[in-house]
Amino acid sequence: MFFHKLKSFLALTSGIAILTCSQNVMAKELNIIATNFPQYDFVKNITKDKANVTMLLKIGAEAHSYEPTPKDLIAIEKSDLFVYNGGENDEWIENFLKDNLSKLNSFAFTKEVSLRAEEEVEGMQPEAEKEHEDGEEQGFDEHVWTSPKNDEVILNKLCEAIVKLDPENKDYYEKNASDYINRFKELDQKYSEVISTSKNKTLVFGDRFPLLYFAKDYGLNYYAAFKGCSNETEVSASTIKFLIDKAEQLKAPVIFKIELSSDNIASTIAESVNAKVMTFNSGHNITVEEFKAGRTMADLFSDNIPALKEALN
């Protein structure tokens, strides 16, 4: 009798254990690795609490100086999805993927939208690096996320990639993606309204200019100290003079710098033309305080609207 009861008990507990194990497998959280803040932000706003999302770049760090550690590469290999931007600063990723392509699910922002060739506008500090050799393809500008029009496309495609990995939560992901896409549609409308009704259509940046997609999509002109991914930090007297002359000619009320960047160059220009220095957020990264407050890229882009109004009027 005792053994019969014990046998029944073991069968019951075994069934419970199998059921629990099965539930755990079904409830397995997606593990997604994102390189920089734009990638992290998009994934997080689609998956919310349904995925473990890790950002490789440290919060508040300079995006162009990131180099992967062996620990980072192991984390990427173990991930369900690896989300990166693509472009010159992600060359290490392309090399890494060549050896791991069959084992990894990956998603690159730059593969989802039309790309624009990198520009060097009049007065911009020349690059000290090698020039393009004969037959060498000109590089494209990689800052595709800086235009809300591109963000709508990327979010849709990213949602599709995530749904493929977890189809059971399809409705959840699609609802979240739709809500976030609507934020960028609102931004697109607000940017269009501000720019279409403005007297001026030219921005002056005493900094890098990683906003080519934004400028082209909204019909803006610009002058800047450096290209978007320039490694240069020192600016020549001739570049400073050119930007001062242009700011004076345009009667520019605002000289821009980008987030997490020194205002030295912008301040020099602004003081010479009696303008003010303001920050234009390109979304490369976010401060620790902003991250703790749960601010999104859409929030940061919204902050640009008052600054843009002031600069263009």
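Throughout, a residue's number is its position along its own chain's written sequence, starting from 1. At least 70 in pLDDT is required for a residue's local features to be given in this predicted model, at least 80 for side-chain atom pairs to be given and counted, and no such filter applies to totals for whole chains, interfaces and linings, which use all residues. With hydrogens and water set aside, each side-chain value is computed from the structure's full complement of heavy atoms.

## Some points on the overall build of the protein chain
Move 1: Per the secondary structure count, the protein chain includes twelve helices and ten strands.
Move 2: Classification of residues uses two cut-offs on accessible area relative to the type maximum, computed with a 1.4 Å probe and protein chains only: under 20% is buried, over 50% is exposed, and between them is partly exposed. When each of the 313 residues of the protein chain is scored for burial, the buried share is 49%.
Move 3: The contact criterion used throughout is that any non-hydrogen atoms of two residues lie within 4.5 Å. Taking as baseline every contact in the protein chain between residues at least 6 positions apart, the subset at least 24 positions apart corresponds to 67%.
Move 4: Only the protein chains shown count as cover for residues, and all accessible areas are computed by the Shrake-Rupley method using a 1.4 Å probe. Of the roughly 16,400 Å² of accessible surface on the protein chain, 51% is carried by carbon and sulfur atoms. Here a strand is any run of E in DSSP of at least two residues, a helix any run of H or I of at least four, and the numbering for each starts at the N terminus.

## A closer look at the sheet that holds strand β4 (residues 106-108)
Move 1: Pairing between strands is defined by DSSP: at least two bridges between the two strands are required. Overall, parallel pairing links the four strands, which are arranged β2-β1-β3-β4 in an open sheet. A strand with exactly one partner marks an edge of an open sheet, and here the two such strands are β2 (51-55) and β4. Taking each pair of neighbouring strands and ignoring which way they run, the sheet shows an average axis angle of 20 degrees.
Move 2: Of the pairings in the sheet, the one linking strand β1 (residues 30-34) to β2 comprises five bridges and is parallel in character. When the sheet's bridge partners are listed, Ile33 is paired in β2 with Thr54.
Move 3: Where helices are involved, their axes are fitted lines through C-alpha atoms of the stretch in contact, as for all axes, and angles between N-to-C directions lie from 0 to 180°. Where helix α4 (residues 91-100) meets the sheet, it contacts β3 (81-84) and β4, and its direction lies at approximately 150 degrees from that of β3.

## So, the environment of Lys201
Move 1: Along the chain, Lys201 turns up in the loop between α6 (170-196) and β7 (202-209).
Move 2: Here Lys201 falls in the partly exposed class, since its relative accessible area comes to 29%.
Move 3: Distance from Lys201 to Gly219, taken between C-alpha atoms, is 7.5 Å for residues 18 residues apart in sequence.
Move 4: Excluding its chain neighbours within four sequence positions, the residues that come into contact with Lys201 are Ile195, Ser196, Gly219, Leu220, Asn221 and Leu312.
Move 5: In protein, a polar contact means a hydrogen-donor-capable atom and an acceptor-capable atom, both N or O and within 3.5 Å, with residues adjacent in sequence counting only if both atoms are side-chain atoms; elsewhere, any N or O pair within 3.5 Å suffices. In terms of polar contacts, Lys201 uses its side chain to reach the backbone carbonyl oxygen of Ser198, at 3.0 Å.

## Focus on the environment of Lys227
Move 1: Mapped onto the secondary structure, Lys227 falls in strand β8 (residues 221-227).
Move 2: Looking at Lys227, the relative accessible area reads 14%, which means it is buried.
Move 3: Separated by 109 residues in sequence, Lys227 and Glu118 have C-alpha atoms that sit 8.0 Å apart.

## Some thoughts on the confidence of the model for the protein chain
It should be kept in mind that the predicted coordinates are not to be read in detail where pLDDT is low.
Move 1: For the protein chain, per-residue confidence averages 89 on the pLDDT scale, and 87% of positions sit at 70 or higher.
Move 2: pLDDT: the predictor's confidence for each residue, scored from 0 to 100. Segment residues 1-26 is flagged for pLDDT under 50; beyond a separation of four residues in sequence, or across chains, it makes one contact in the model.
Move 3: Across residues 130-136 the pLDDT falls below 50, and counting only partners more than four positions away or on other chains, this stretch makes five contacts in the model.

## Things to note about helix α9 (residues 264-273)
What sets the pattern is the α-helix's 3.6 residues per turn: residues three or four places apart point alike.
Move 1: Taken together, the buried positions of α9 are occupied by Ile265, Ala266, Ser267, Ile269, Ala270 and Val273.
Move 2: Packed against the buried residues of α9 are β7, β8, α8 (237-250), β9 (254-258) and β10 (276-280).
Move 3: Among the residues trailing α9, Asn274 stands out with phi positive, at a value near 60 degrees.

## Considerations on the pairing of β1
Move 1: A large share of β1 lies buried, amounting to five of its five residues.
Move 2: Where burial is concerned, the two faces of β1 agree: the one with Leu30, Ile32 and Ala34 and the one with Asn31 and Ile33 are both buried.
Move 3: Crossover β1 to β2 through helix α2 (residues 37-47) is right-handed.
Move 4: Pairing between β1 and β3: three bridges, direction parallel. The residue bridging Ala34 from the neighbouring strand is Val83, located in β3. For crossovers, right-handed means that the path from the first strand over the helix to the second runs clockwise, given strands pointing away from the viewer.

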